[in-house]
Amino acid sequence: MAADDSGEFQAGQSGLLVKVPEAESAVRAWRDRLDPSARAGIPAHVTVLFPFLGESRIDSDSLAAIGEVMGRHQSFEARFERCGRFPGILYLVPEPDASFRRLTEAIADRWPETPPFGGRFDAVVPHLTVAQGQDDAVLDEVAADLRGRLPVVARVSAVDLFVHDGTRWQERASFALR
């Protein structure tokens, strides 16, 4: 998940993500140092949709609707065998990524007022962020270390809702895939 332009997360923001606990041993030390979302309580993950609904809009009806949308999708396996980059960002590439894309599309179709990443990017690229806001030398060091820790294989069976309380991200609900 990404912070807004001020570099701070906002109280009441929410996001839907797929936790990837299988990756924690490979990425945790780097994420704790180089990813603000890790320091704010977000585990290793692939974002499904951020930002999502404001906390004031999350009620029993919206939770039921999220569960219904996610329940249409089958669980799946993803492999993380290599690193990818955006400017200043190093991430693990999930393969295949089509199931992650379908989850994002399904939520964005149901809540069109919440486009992925606020509509800032033309294409959604599923990824597991390891480091952000770093120069190439740091990203090269992280990538070299990760090469010896990959692949990571993950079973994806749920999507989780996290809400920022003004200090940290808190897991609010989990939605099972079929």
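Structure: above.
Below is a short write-up of the structure. (Residues numbered from 1 in each chain as written. Predicted model: local features only at pLDDT ≥ 70, side-chain atom pairs only at ≥ 80, totals over all residues. Heavy atoms only, no water.)

### Topic: the overall build of the protein
Helix and strand content of the protein: five helices and eight strands. Each helix (α) and strand (β) of the protein, taken in turn from the N terminus, gives the series β-α-α-β-α-β-β-α-β-α-β-β-β. For a compact globule of 178 residues, the expected C-alpha radius of gyration is about 16 Å, and the protein comes in at 15 Å, within 12% of that figure. For the C-alpha atoms alone, the extent of the protein along its principal axes is close to 45 × 35 × 30 Å. In the protein, which comprises 178 residues, the share counted as buried stands at 48%. (Helix = DSSP H or I, 4+ residues; strand = E, 2+ residues; numbered from the N terminus. Rg over C-alpha atoms; globule rule 2.2 N^0.38 Å. Buried < 20%, exposed > 50% of the residue type's maximum accessible area, 1.4 Å probe, protein only.)

### As for the environment of Phe 52
Relative to the assigned elements, Phe 52 resides in the loop between β2 (45-49) and α3 (60-70). For Phe 52, the contacting residues outside a window of four places in its chain are Ser 14, Gly 15, Leu 16, Ile 66, Ile 107, Trp 111, Thr 114 and Leu 161. (Contact = heavy atoms within 4.5 Å.)

### Considerations on the sheet that holds strand β1 (residues 14-19)
The strand order across the open sheet formed by four strands is β2-β1-β7-β8, and the pairing between neighbours is antiparallel. On the outer flanks of this sheet lie β2 and β8 (169-176), each paired with one strand and no other. Between one strand axis and the next, the sheet turns by 35 degrees as a mean value, whatever way the strands run. Bridging between β1 and strand β7 (residues 158-164) involves four bridges; their strand directions are antiparallel. Looking across to β7, one finds that Leu 16 is bridged to Leu 161. Running over the sheet, helix α4 (residues 98-110) touches β1, β2 and β7 and is turned about 30 degrees from β2. (Pairing = 2+ DSSP bridges. Axes fitted to C-alpha atoms, helices over the stretch in contact; angles between N-to-C directions.)

### Looking at the side chain of Glu 24
One can find Glu 24 in helix α1 (residues 24-34). Look past the residues within four positions of Glu 24 in its chain and what remains in contact with it is Arg 31, Pro 43 and Ala 44.

### Description of unusual backbone geometry
Note that the residue after Phe 50, namely Pro 51, is joined by a cis bond; omega there is -10 degrees. The linkage connecting Glu 95 with the following residue, Pro 96, adopts the cis geometry, with an omega of -10 degrees. Its identity as a non-glycine residue notwithstanding, Phe 117 has a phi of 55 degrees, on the positive side. Note that Phe 117 resides in the loop between α4 and β5 (128-132). For Phe 117, a relative accessible area of 12% translates into the label buried.

### Side note on α3
Residues Ser 62, Ala 65, Ile 66, Val 69 and Met 70 constitute the buried set of α3. Projected down its long axis, α3 shows its buried positions confined to an angular sector of 130 degrees, all on one face. For α3, exposure combined with an orientation more than 90 degrees from the buried face picks out Ser 60 and Asp 61. On its buried face, α3 is in contact with β1, α4, β7 and β8. Structurally, the start of α3 carries an N-cap: the backbone nitrogen of Asp 61 is 3.1 Å from a side-chain oxygen of Asp 59. (Arc of directions from axis to C-beta. Polar contact = N/O pair within 3.5 Å; in protein donor to acceptor, adjacent residues only side chain to side chain.)

### Observations concerning the packing of aromatic side chains
In total, this model carries six aromatic pairs according to the counting rule given. Residues Phe 9 and Trp 169 carry aromatic rings whose centres are separated by 5.4 Å and whose planes lie at 80 degrees to one another, so their mutual orientation is edge-to-face. Residue Phe 9 is found in the segment before β1, and its partner Trp 169 is found in strand β8; the two are separated by 160 residues along the sequence. We note that Phe 9, like Trp 169, is buried. (Phe/Tyr/Trp six-rings, centres within 6.5 Å; stacked < 30°, edge-to-face > 60°.)

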